[in-house]
Every structure is written in structure tokens, then in C-alpha cells.
Amino acid sequence: MTNYFVYFCGRNRQRQQKDFKMGYKRQDNYDAQTTAAIASHVEEILRLLGEDPQREGLVKTPERVAKSLQFLTKGYDEDGIAIVQSAMFDEKYQQMVLVKDIELYSTCEHHMLPFLGKCHVAYIPNGKITGLSKIARVVETFARRLQVQERLTVEIRDCLQEALNPLGVAVVIEATHSCMVLRGVEKSNSVTTTSAFSGVFLKDARTRNEFLNLIR
Ligand SMILES: [Zn+2]
């Protein structure tokens with residue numbers, strides 16, 4: 001998470017450092033028109049649910065939900081390939097680069113409820129490497145959209161494959177879906193695992209197994 005420091009500068013630094021300690025990067029630049037439009041719908045939803053949107057605890061809820069939804073989908077405005085290529089270096093190293101246990105927060109597109117877990121990403125360079133923090137940022141970029149875990153896994157793989165042209169990419173995501181925990185089947189302990197491989201991870205069982213053993 002220390003990579004967030006890189007993006008902080010200027011007069012907001014102190015507040016942002018405080019936000020960093022809280023474990024997230026605060027983003028206040030919401031489009032006022034979009035926020036107001038979403039908020040008016042949220043207010044209507046509250047009414048349809050039998051609530052009184054004017055009662056004290058709910059007065060600011062539509063605006064908060066509108067901002068929260070925009071934060072959770074901010075990845076649409078980001079370009080994963082550009083993020084990787086913003087820190088790309090020539091390197092002869094041709095062993096596995098593995099970033100394990102990247103925290104993952106995403107939103108399921110079927111219920112608009114969160115799914116949370118961990119992402120493990122590995123690649124084998126082919127002349128180019130990227131900053132390790134960029135890999136975590138790529139995960140964040142695709143996770144902050146309405147997603148299904150399967151597509152998220154593949155999008156992370158394809159982004160790294162295209163941006164770095166490595167000998168192979170491996171991505172595994174282990175996540176718990178609130179839509180399963182809170183509603184429907186109510187299976188609170190189930191973890192869904194998805195994987196996506198390319199290049200040598202696909203062709204060579206030994207390389208793939210090395211990766212799978214390392215993330216165990
Ligand atoms: Zn769902």
C-alpha cells in the first residue's frame with residue numbers, strides 16, 4: 001500500500017497521509033452533476049423501500065451513496081496499460097516476478113454488492129519489467145468497476161500480457177462474495193477461486209505448479 005505515497009503532493013499532503021494511514025486514498029473530485037443525478041435516484045429508492053429520506057440519519061445518505069458508487073467504479077476512467085507503461089524498465093531478469101496477497105475490493109455486477117479477497121499476480125519478463133506497485137494498481141483499476149470475478153481475472157492477465165509482452169502471466173483471485181454471504185444461499189465461508197494463465201504458465205506445467213505452490 002505504500003505506493004500511494006507517490007501520488008501525493010502539494011498542500012493536501014497532510015490530509016492524504018492521514019487517509020493513507022486509514023488504508024485508503026481519499027478522492028474528493030466527484031462530478032457535481034453526476035453526484036446530484038445519482039443522489040436523486042437513491043432518494044427515490046429509499047422512498048420505495050418505505051423509508052423517510054428526510055429523517056435525520058438519511059438526509060445525506062443519497063449524496064454519500066452517489067459518491068461511494070462513483071468511487072467503487074472509478075476504474076472506468078483509468079487505463080491499465082498506460083499505468084504499467086508509465087514505469088517500464090529494460091531488464092534481463094527472466095525468472096518469475098510474483099506479487100502475492102494483493103488486497104482486492106470489487107463490486108459484483110449482478111447485485112452491486114462487494115466481493116473481497118486477494119489477488120496473486122506473476123509474470124516472467126521478456127526484456128521488460130514494471131514497477132511492482134504498478135501491478136497492484138492494475139488490479140485496482142479493473143477491480144473498481146462492476147465486475148464478475150472471472151472477467152476481472154482475465155482482464156488483469158490480458159492487460160499485463162499486452163503492456164509488457166512477457167513470457168507469461170499468471171493471475172489467481174480468491175474472493176468472498178457478499179451476495180452469497182448476505183442473501184440467497186447464505187454461505188458465509190465459501191471462497192471462490194479463479195485463475196487465468198498465458199504463455200509459459202499455460203504451456204509448462206512445472207512453471208505453473210511453481211507459481212501455485214508459491215501462493216499457497
Ligand atoms: Zn452477486
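Use the structure listed above.
Quantities reported herein were computed from a predicted structural model and do not represent experimental measurements.

Draft legend 1. Summary view of the pairing of strand β3 (residues 114-124). The element β3 is largely enclosed, with a buried count of 8 among its 11 residues. Taken together, the 9 bridges between strand β2 (residues 97-108) and β3 define a ladder with antiparallel strand orientation. Within β3, the residue paired with Glu103 across the bridge is Lys118. Between the antiparallel neighbours β2 and β3 lie 5 residues, among them Met112 with a positive phi of about 55°. Here β3 pairs with strand β6 (residues 168-177) via 10 bridges, running antiparallel. Note that in β6 the partner of Gly117 across the bridge is Ala175.

Draft legend 2. Seen up close, the sheet that holds strand β7 (residues 192-197). The 5 strands are arranged β5-β2-β3-β6-β7 in an open sheet whose pairing can be described as mixed. Strands at the two margins of the open sheet, each flanked by one partner only, are β5 (146-147) and β7. Two elements, β2 and β5, share 2 bridges in a ladder whose sense is parallel. Within the sheet, the bridge partner assigned to Thr107 lies in β5 and is Leu146. Sheet contacts for helix α6 (residues 149-164): β2, β3, β5, β6 and β7; angle to β6, the most-contacted strand, approximately 155°.

What counts and what doesn't
Once a new chain begins, its residue numbering starts again from 1 and follows that chain's sequence as written. At least 70 in pLDDT is required for a residue's local features to be given in this predicted model, at least 80 for side-chain atom pairs to be given and counted, and no such filter applies to totals for whole chains, interfaces and linings, which use all residues. To sort residues by exposure, count the other C-beta atoms lying within 10 Å of each residue's C-beta; 20 or more gives buried, 12 or fewer gives exposed, and values between give partly exposed, all with C-beta atoms placed from the backbone. Strands are runs of DSSP state E lasting at least two residues, helices are runs of H or I lasting at least four, and both sets are numbered from the N terminus onward. Strands are treated as partners if at least two bridges between them are detected by DSSP. By definition, residues are in contact whenever their C-beta atoms, placed on the basis of the backbone, come within 7 Å of each other. Orientation is described by axes fitted as lines to C-alpha atoms, over the contacting stretch for helices, and by angles from 0 to 180 degrees between their N-to-C directions.

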